[in-house]
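# What the coordinates show
For reference, the chains in residue letters:
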Amino acid sequence: MRRWALDLLVCPRCGEFPLLLVEHEVRNVETKMKIKAPPCSSYCSLTNSKDISLDKCVRCIQEEVVSGEILCEKCGFRTSIRSGVLFITDFQSPEELQT
Ligand SMILES: [Zn+2]
Ligand SMILES: [Zn+2]
């Protein structure tokens, strides 16, 4: 999962934004793309702030989160990232939504 996905994710349970990324393993990915604008628009998980600057945020395109967790600090919702994949099914689990 690319780091900038955090710029788009909203808590499925309470609607909180942004969610907190806890990264366990991150790897660099090659990109030949010329980056002119930051990939994040309203929240950058790299700086953990809504203050987005191109020189830092450029890494959001070059970093892939291989494993980690995404947490909602407000309601305690959490889901995991495994082998670079965000488990969206966790987001939609009815059991999760009932608790
Ligand atoms: Zn929440
Ligand atoms: Zn960013």
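Residues numbered from 1 in each chain as written. Chains lettered and ligands numbered in written order. Predicted model: local features only at pLDDT ≥ 70, side-chain atom pairs only at ≥ 80, totals over all residues.

Helices and strands together make up the secondary structure of the protein, namely 4 helices and 4 strands. Listing every helix and strand of the protein by position from the N terminus yields β-α-α-β-β-β-α-α. Here the protein, with 99 residues, has 23% of them falling under the buried criterion. Sequence-distant contacts in the protein: of pairs separated by 6 or more residues, those separated by 24 or more amount to 62%. (Helix = DSSP H or I, 4+ residues; strand = E, 2+ residues; numbered from the N terminus. Buried ≥ 20, exposed ≤ 12 C-beta atoms within 10 Å, placed from the backbone. Contact = placed C-beta atoms within 7 Å.)

What the 4 strands build is an open sheet, ordered 1-2-3-4; its pairing is antiparallel. The open sheet has two edge strands, strand 1 (20-28) and strand 4 (85-86), and neither has a second partner. As paired elements, strand 3 (residues 78-82) and strand 4 share 2 bridges and run antiparallel to each other. Bridge pairing links I81 to L86 in strand 4. (Pairing = 2+ DSSP bridges.)

With that settled, the discussion passes to the nonpolar core. Among the nonpolar cores identified, the biggest contains 17 residues, and L6, L19, C40, C44, C57, C60 and I70 are the most heavily contacted of them. Not counting the four nearest positions on each side in its chain, L6 is found in contact with P18, L19, L21, Y43 and S45. (Core = buried A, V, L, I, M, F, W, Y, C linked by C-beta atoms within 7 Å.)

All right, on to unusual backbone geometry then. With omega at -5°, the peptide bond leading from F17 into P18 counts as cis. Within the secondary structure, P18 sits in the segment before strand 1. Phi angles above zero are rare outside glycine, and N48 is one such case at about 55°. Relative to the elements of secondary structure, N48 occurs in the loop between strand 1 and helix 1 (54-57). Its identity as a non-glycine residue notwithstanding, S83 has a phi of 50°, on the positive side. Relative to the helices and strands, S83 is located in the loop between strand 3 and strand 4. Classification of S83 as exposed rests on a count of 8 C-beta atoms within 10 Å.

Moving on to the pairing of strand 3. Of the two faces of strand 3, the one holding T79 and I81 is buried and the one holding R78, S80 and R82 is not buried anywhere. Looking at chain direction, strand 2 (residues 63-71) and strand 3 are connected through 4 bridges and run antiparallel. Each residue of the ladder has a partner; that of L71, found in strand 3, is R78. Hairpin geometry of strand 3 and strand 4 is characterised by an intervening segment of 2 residues between the two adjacent antiparallel strands and by a positive phi of about 50° at S83.

Right, let's talk about the confidence of the model for the protein for a bit. When pLDDT is averaged along the protein, the result is 87, and 88% of the positions lie at 70 or above. Taken element by element, the predicted model of the protein shows its lowest mean pLDDT in helix 4 (residues 94-98) (49) and its highest in strand 1 (96). (pLDDT = per-residue confidence, 0-100.)

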